[in-house]
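So you can see what is in the structure, the chains are spelled out below.
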Amino acid sequence: MKTWAQLGLAGALAGSGLAGCAEEAPVDTDGETAEMQPGPAGEGGEGGEAGEGGETGEGGVDFDAAARDPVVYLTALAVAEAHAIAAYDAFLAGKTDPAAEMFGHPVSEVLADMDPVFAELGVADLKPRFNEASQAVLSGRADIEVNERYGAILAAIEEAGRKAPDSQASEADIAARVASNMIDRAIAMYGEAQGSDRYEPYLDGYGFYRAAASAFEDAEPAILAAKPGLAAHIREALDLLGQAYPGAERPGTLALERGRLIAAGSRVTLAL
């Protein structure tokens, strides 16, 4: 596990057989990935313990730490955002059932466990927004209504992000770590998608890639000013992920070499 951690989280996860939303890449906690934490492997193929007693949520989200660590908190929001992005783009691509399911996934897998954190930080409940979007898709509502529900989700996530817990870390460093976490998740899901014909791992990975790009692009000038090498590595990884995930519709073949993604993700991890 230590060797894997040194090579980057993506390398460890790529061979771990992760499957679906319930077994995604661990979250960065206190500047280290969950893979770097000492302790036995977590349930579902996830390495390391996260938080007290190893209690984690979807993909190793340490909900106890989220109330005090802005990286964990914002990564949890990014996971929810990734599902919304993937759901909406799948909807636009005519994938109605997967879109409705993807809108619904964060409700039980992330947001329900974040309720105490949101209550502590004065954040409005996000779950109704996701449920409303999922129901709009399932009910065959007009595109404009689904678009409005999607916009409401993004606005609520943005508002929740403004209430992240305080930290001595710079905004650039926090954003870079959130982007790195999402990059690792996208790389892990690409490996899973290559190993099966299932649409869900690909759609998960697509959403994680888009959320990583969003986190990075919002803070790119600050990251570039503080750590130009890190910014370059993140951009390199995102460019490769853009080739791996050209859109919400799964391509006929997933031909991009996984090793290239793993190497790019490792360079980001090491630069951090």
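None of the values given here were measured: they were computed from a predicted structure.

S.K.: I would appreciate a short explanation of the pattern of salt bridges in the present structure.
M.R.: Two side chains carrying opposite charge are able to pair once their charged atoms lie near each other. Inspection of every chain in the model, using the stated rule, returns 11 salt bridges. Across the pair Asp115 and Lys127 runs a salt bridge, and its minimum N-O distance is 2.8 Å. Here Asp115, found in helix H5 (residues 96-121), pairs with Lys127, found in helix H6 (residues 127-138); they are 12 residues apart in sequence, far enough to count as distant. Looking at Asp115, the relative accessible area reads 28%, which means it is partly exposed. Accessibility expressed as a relative area gives 16% for Lys127, which makes it buried. Residues joined by salt bridges that share partners form a network here, namely Asp115, Asp125 and Lys127.

S.K.: Quick question: what am I supposed to make of helix H4 (residues 70-92) here?
M.R.: In an α-helix there are 3.6 residues to a turn, and that puts residues three or four apart on one side. For H4, spanning 23 residues, the distance from its first C-alpha to its last is 32 Å, which sits close to the expected 33 Å at 1.5 Å a residue. Burial analysis of H4 places 21 of its 23 residues in the buried class, the great majority of the element. One side-chain oxygen at the N-terminal end of H4 lies 2.9 Å from the backbone nitrogen of Val71; it belongs to Asp69. At the C-terminal side of H4, Gly94 shows a positive phi close to 85°.

S.K.: I keep staring at the environment of Ser266 and nothing clicks. Help me out?
M.R.: Mapped onto the elements, Ser266 comes out in helix H11 (residues 258-271). Sequence separation of Ser266 and His233 is 33 residues, and the distance between their C-alpha atoms is 9.3 Å. A polar atom in the side chain of Ser266 sits 2.9 Å from the backbone oxygen of Ile262.

What counts, and at which threshold
- Residues numbered from 1 in each chain as written.
- Predicted model: local features only at pLDDT ≥ 70, side-chain atom pairs only at ≥ 80, totals over all residues.
- Heavy atoms only, no water.
- Salt bridge = Lys/Arg side-chain N within 4 Å of Asp/Glu carboxyl O.
- Helix = DSSP H or I, 4+ residues; strand = E, 2+ residues; numbered from the N terminus.
- Buried < 20%, exposed > 50% of the residue type's maximum accessible area, 1.4 Å probe, protein only.
- Expected span 1.5 Å × (residues − 1).
- Polar contact = N/O pair within 3.5 Å; in protein donor to acceptor, adjacent residues only side chain to side chain.

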